[in-house]
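Breakdown of the fold
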Amino acid sequence: MKIFKCCMALAAFFMAVASSSAQDRLNPKVGDTIVLKSYCQVKNTGSFLNNGTKTLANQNTFLQYLEPNVKYMINAINDQTVDLVALDYQPLSAKKLQEMQKTKPEAFDKSLYYNGKIYTILRSEFNDSAIRKPKEDTILSIGLLTLPFKARPQNDFSFDTEFNINTTLNVRVYELKKIKTSLNWQFGTGIGTVSLNASNAKGITAEDSQDVALLSLSSGLMLQYRKIQTGIYLGVDHINNQQHYKWQSNGKIWFGFGIGFNVFKISLGEDNKNSN
C-alpha cells in the first residue's frame, strides 16, 4: 500500500511537470501577446485598426520589417500569413526625441510607426521567430512539493517516508538571472498519510497498526533552477482523530527535505505597453 501511494504521488507530480511544460510551448491564438526573435519582413503596406487614428504624421509611416523584442498582439491567423499589432508606444515629444538621439542617433518615435497599425508577415517566419511574451516579472509563484522523508525530533528523530503532496506559495527573495536560479521562501499546505503503531500512538494496541490521513502545514527555504525546486523545510502535521489515536507527533514540529516544481507565476498586473 505504501509503495502504491508513493507511486501515485510521483505520478501526480510528473503529470504537473508535463502539463506545465506543454503550456510553455507556443500554440498561437488570436489575442496572444508575443515577441519576435528576429526581424520579419512585412508583406503588406500596413493598415489601421478600426480604432487607429490617422494623422498627417503617421499615415505614411509604415515599416518594411518588424523589429525583434517588441511586444505584438496577434490580430489574425491565416493559412499563409499572420497579422500583428504592436502594443502601444507612448508618443515622444520633440524634446525627448532630441535627447534620445544624442546618445542613439538612430532613435525614432516608434508610436508613429506602430500604434494602431496592422502588419502582416508570413506564417513560416512567424513560426520560426515568435515566442510567447514572458509574463510580467513577479516574486510570487505557485508550486507542487513532495517530501521524501520527514524527521520527527519528538520520536528520537525517527524518519517518516509516507505519501505526501503539497501546494506551495513561493516568494522569491534573491535571484541570479544569468544562471536562471533563485532562492525562495515557501509556505505550503498538503495532504499525506502516516503509519501509527504502539510505539508512536497510545491509542494503537501492540498487535495493531493503522495508516491515517493527515494535513500538513509547512515552510522552508527553497532553491529553484528554472522550474525545478529543492529545499529544506519544517512544519506540523495534524491527523483526523487525534482524540482516539493519541499520536505523539500530532501538531509537533518536523524537519524535512523536499523536491518540487514551479507550476505558474502570479501576475500582480498586466504589462500592456511598449517602451521606446
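See the structure shown above.
The following paragraphs examine the structure supplied in this document. What you are looking at is a predicted structure, and each value in this text was computed from that prediction instead of being measured.

1. Side note on the nonpolar core
Ile34, Leu36, Leu66, Tyr72, Leu84, Tyr114 and Phe126 are the most contacted members of the largest nonpolar core, which totals 18 residues. Put simply, the parts of the chain that give this core at least two residues each are strand S1 (33–36), strand S5 (72–77), strand S6 (81–86) and strand S7 (117–122). Ranked by the residues each element gives to this core, the list is headed by S6, at 3 residues. If we ignore the near neighbours within four places in the chain, the residues touching tyrosine 114 are Leu63, Leu66, Glu67, Val70, Tyr72, Ala86, Tyr89 and Tyr119. Formed by 9 residues, the second largest nonpolar core is a distinct cluster that contains Ala201, Leu214, Tyr245 and Trp247.

2. Some details on the packing of aromatic side chains
Any aromatic ring pair is given by two values, namely how distant the centres are and how the planes are angled relative to each other. Here the structure, examined in full by the defined rule, presents 8 aromatic pairs. Put simply, the rings of Phe62, Tyr72, Tyr89, Tyr114 and Tyr119 pair up and form one aromatic cluster. Taking the ring centre of phenylalanine 62 as reference, the NZ or CZ of lysine 117 above it sits at 4.2 Å.

3. Quick notes on the pairing of strand S12 (residues 181–197)
As paired strands, strand S11 (residues 164–176) and S12 are joined by 12 bridges and run antiparallel to one another. Residue pairing across strands places leucine 176 opposite threonine 181, the latter belonging to S12.

Calculation criteria
- Residues numbered from 1 in each chain as written.
- Predicted model: local features only at pLDDT ≥ 70, side-chain atom pairs only at ≥ 80, totals over all residues.
- Heavy atoms only, no water.
- Core = buried A, V, L, I, M, F, W, Y, C linked by side-chain atoms within 4.5 Å.
- Buried < 20%, exposed > 50% of the residue type's maximum accessible area, 1.4 Å probe, protein only.
- Helix = DSSP H or I, 4+ residues; strand = E, 2+ residues; numbered from the N terminus.
- Contact = heavy atoms within 4.5 Å.
- Phe/Tyr/Trp six-rings, centres within 6.5 Å; stacked < 30°, edge-to-face > 60°.
- Lys NZ or Arg CZ within 6 Å of the ring centre and 35° of its normal.
- Pairing = 2+ DSSP bridges.

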